[in-house]
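# Residue-level structural notes
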Amino acid sequence: MCLYLRICADFRGSGRAWCESSGSSSVQCNQKQNEWLLFGYLSFRLAVPNQGVDFQRGSTVSLGTDIRLKRIFSHESGRLFGIAADHFIGYGDVRAGGLADLRGALRQTVAAGPDSVTINGGAAKNLWPEHAGKAALIVQGGMFTADDRVHELTLEPQDAVRLGADALAVSIGVRGDHEGPYIKWLTDSVRKAAAFEMPVIAHIYPRNYEGEPRVEFTPDQIAWAVRVGLETGVDVIKVGYPGDAAAFKDIVAMTPVPIVLAGGPKTETLAESLDQTAEAISTGALGAVVGRNVWGAENVLEAALAYKAVIHDGVDAETALAQAKAQAAA
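Residues numbered from 1 in each chain as written. Predicted model: local features only at pLDDT ≥ 70, side-chain atom pairs only at ≥ 80, totals over all residues. Heavy atoms only, no water.

## A closer look at the overall build of the protein chain
In terms of helices and strands, the protein chain carries 13 helices and 13 strands. Sorting the 330 residues of the protein chain into buried and exposed places 47% on the buried side. If you take every contact in the protein chain between residues at least 6 apart in sequence, the share linking residues at least 24 apart comes to 63%. Total accessible area on the protein chain stands at roughly 15,600 Å², and carbon and sulfur atoms take up 51% of it. (Helix = DSSP H or I, 4+ residues; strand = E, 2+ residues; numbered from the N terminus. Buried < 20%, exposed > 50% of the residue type's maximum accessible area, 1.4 Å probe, protein only. Contact = heavy atoms within 4.5 Å. Areas by Shrake-Rupley, 256 points an atom, 1.4 Å probe, with all protein chains shown as cover.)

Right under this line is the structure:
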């Protein structure tokens, strides 16, 4: 900032000197001083092209993006425990399940103290104000079904700004006939977000079209999903866990973009999902964003607290469940 003020003062002084020597009118002088001030700002940007530093990987990012990412990755562990309640298209019967009462689900999950919550734009507008300041807000801009019956980009970066969000999530499918347009969703979002210094978090799901279309979690497919996130320039990549710790460790190590785990489909037991999350964390994943396995749990608060312990404290599933039970009862 001191460098910026010094450079701009020098250029403003040059503009003032031009005015005094040229005998120009006050209007011309003001215009010329503003031009020189702009030159000072551009010189500052050339001298210091990026004012922020990536919170994890060391690459430079804009100051606004850096600040927003640090709000999301705010825990001292450096990892993210996020809640996703952005299940809209493809959710099923909206009168049943953990999100039937979306307001209640948000209240229960926010009570556990997640680092972030991801919801759709309408939910943010109508339900988030009571939770503002309790967790970082991420709004979801993409929606699709595995068979591409629905595939729409519903929010853009300026919408995220208007809603007071800390990041824009864009959920896409890869593989299949619509892969190109989906990838363009990401590149367009990243380009437009740059003007607002708004982080873009990609939720990337590879599909298998043999038989009924479905999301797939093999190491090859997850590696491709991560490469798509890298090549499109997003700030954080969210993908499913391939079930192979060695393969996932290689994927994370080769990717200079933070990777967080998608909570995945509802598991048979909470302990199973917690074990999977702990294994992913051990490979270098920077956290997890969980949906059904929290708001679909029998005890939402206990489930959320257990994930929080695994992600931030690094404990195993059994310890996390015991800690969560005690905390919820306190």
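Once the structure has been displayed, the description carries forward.
## Notes on the confidence of the model for the protein chain
When pLDDT is averaged along the protein chain, the result is 85; 81% of the residues meet or exceed 70. Every residue in residues 32-54 is under pLDDT 50, and counting partners more than four places away or in other chains gives 44 contacts. (pLDDT = per-residue confidence, 0-100.)

## So, the packing of aromatic side chains
Evaluated as defined, the whole model comprises four aromatic pairs. Between the aromatic rings of Phe144 and Tyr205, the centroid separation amounts to 6.3 Å while the plane-to-plane angle is 45°, which identifies the pairing as tilted. With Phe144 in strand β6 (residues 142-144) and Tyr205 in strand β9 (residues 200-208), the pair connects residues that are 61 residues apart, well separated along the chain. Of the two residues, Phe144 and Tyr205, both sit in the buried class. (Phe/Tyr/Trp six-rings, centres within 6.5 Å; stacked < 30°, edge-to-face > 60°.)

## Digging into unusual backbone geometry
Note: most residues except glycine have negative phi, and most peptide bonds are trans. In this structure, Asp148 is a non-glycine residue whose phi angle is positive, near 65°. When you line up the elements, Asp148 lands in the loop between β6 and β7 (151-153). Of note in this structure, Arg175 is not a glycine but carries a positive phi near 75°. Turning to its location among the elements, Arg175 is positioned in the loop between β8 (167-174) and α7 (179-194). The exposure class assigned to Arg175 is partly exposed, which follows from its relative accessible area of 32%.

## Let's talk about helix α12 (residues 300-313)
With 14 residues, α12 extends 19 Å from end C-alpha to end C-alpha; this agrees with the ideal 20 Å at 1.5 Å per step. Along α12, the positions that sit buried rather than exposed are Val300, Ala303, Ala304, Leu305, Ala306, Tyr307, Ala309, Val310, Ile311 and His312. Buried residues along α12 sit against β3 (80-84), α4 (102-110), α10 (270-282), β13 (287-290), α11 (292-295) and α13 (317-329). The distance from a side-chain oxygen at the start of α12 to the backbone nitrogen of Leu301 is 3.3 Å, and the residue carrying that oxygen is Asn299. Positive phi appears at Gly314, one or two residues downstream of α12, with a value of about 70°. (Expected span 1.5 Å × (residues − 1). Polar contact = N/O pair within 3.5 Å; in protein donor to acceptor, adjacent residues only side chain to side chain.)

## Looking at the packing of helix α8 (residues 219-232) against helix α9 (residues 245-253)
The N-to-C vectors of α8 and α9 enclose an angle of 15°; their axes lie 10 Å apart at closest approach. Considered as vectors, α8 and α9 are oriented roughly parallel to each other. The chirality of how α8 crosses α9 is right-handed. Between α8, through Pro219, Ile222, Ala223 and Val226, and α9, the contact on the second element is made entirely by Ala247, Phe248 and Ile251. Among the residues making up the contact of α8 with α9, the classes are represented as seven nonpolar, no polar and no charged. (Axes fitted to C-alpha atoms, helices over the stretch in contact; angles between N-to-C directions. Parallel < 35°, antiparallel > 145°, perpendicular 65-115°, else oblique. Left-handed = near helix turned anticlockwise from the far one by under 90°. Nonpolar A, V, L, I, M, F, W, Y, C, P; charged D, E, K, R; others polar.)

## Regarding the environment of Ala245
Position of Ala245 among the secondary structure elements: in helix α9. Its relative accessible area of 26% is what places Ala245 among the partly exposed residues. Considering only alpha carbons, one finds Ala245 and Pro219, 26 residues apart in sequence, at a separation of 9.6 Å. Aside from chain neighbours lying at most four places away, what touches Ala245 is Glu279 and Thr283.

## Looking at the pairing of β3
For β3, the buried fraction is high: five of the five residues fall into the buried class. Burial of the side chains of β3 extends over both faces: Leu80, Gly82 and Ala84 are buried on one face and Phe81 and Ile83 on the other. As defined by bridge partners, β3 adjoins β13 across four bridges and the pair is classed as parallel. Counted as the bridge partner of Gly82 is Val289 from β13. Sheet topology note: the β3/strand β4 (residues 116-120) ladder contains three bridges and is parallel. By the bridge assignment, Gly82 is partnered in β4 with Ser116. Taking the sense of rotation as the criterion, the β-α-β connection linking β3, α4 and β4 turns out right-handed. (Pairing = 2+ DSSP bridges. Right-handed = clockwise from strand over helix to strand, strands pointing away.)

## Some details on a negative patch on the surface
Side chains of Asp244, Asp250, Glu268, Glu272, Asp275, Glu279, Asp316 and Glu318 sit close together on the surface and give a patch of like negative charge. Among the elements that make up the negative patch, the one with the highest residue count is α10 (three residues). Along the chain, the position of Glu318 falls in helix α13. (Patch = residues over 30% accessible without salt bridge, like charges linked within 9 Å, V, L, I, M, F, W, Y side chains within 5 Å. Salt bridge = Lys/Arg side-chain N within 4 Å of Asp/Glu carboxyl O. Lys, Arg positive; Asp, Glu negative; His and termini not counted. Charge placed at Lys NZ, Arg CZ, Asp CG, Glu CD.)

## Some points on the nonpolar core
Ile119, Val139, Ile172, Ile204, Val239 and Phe248 are the most contacted members of the largest nonpolar core, which has 70 residues in total. For this core, the element with the most residues is α12, which contributes eight residues. Beyond its immediate chain neighbours, meaning those up to four positions away, Val239 contacts Ile204, Ile222, Ala225, Val226, Phe248, Ile259, Val260, Leu261 and Ala262. One finds Ala84, Ile138, Ala167 and Val236 within the second-largest nonpolar core, a separate group that totals 14 residues. (Core = buried A, V, L, I, M, F, W, Y, C linked by side-chain atoms within 4.5 Å.)

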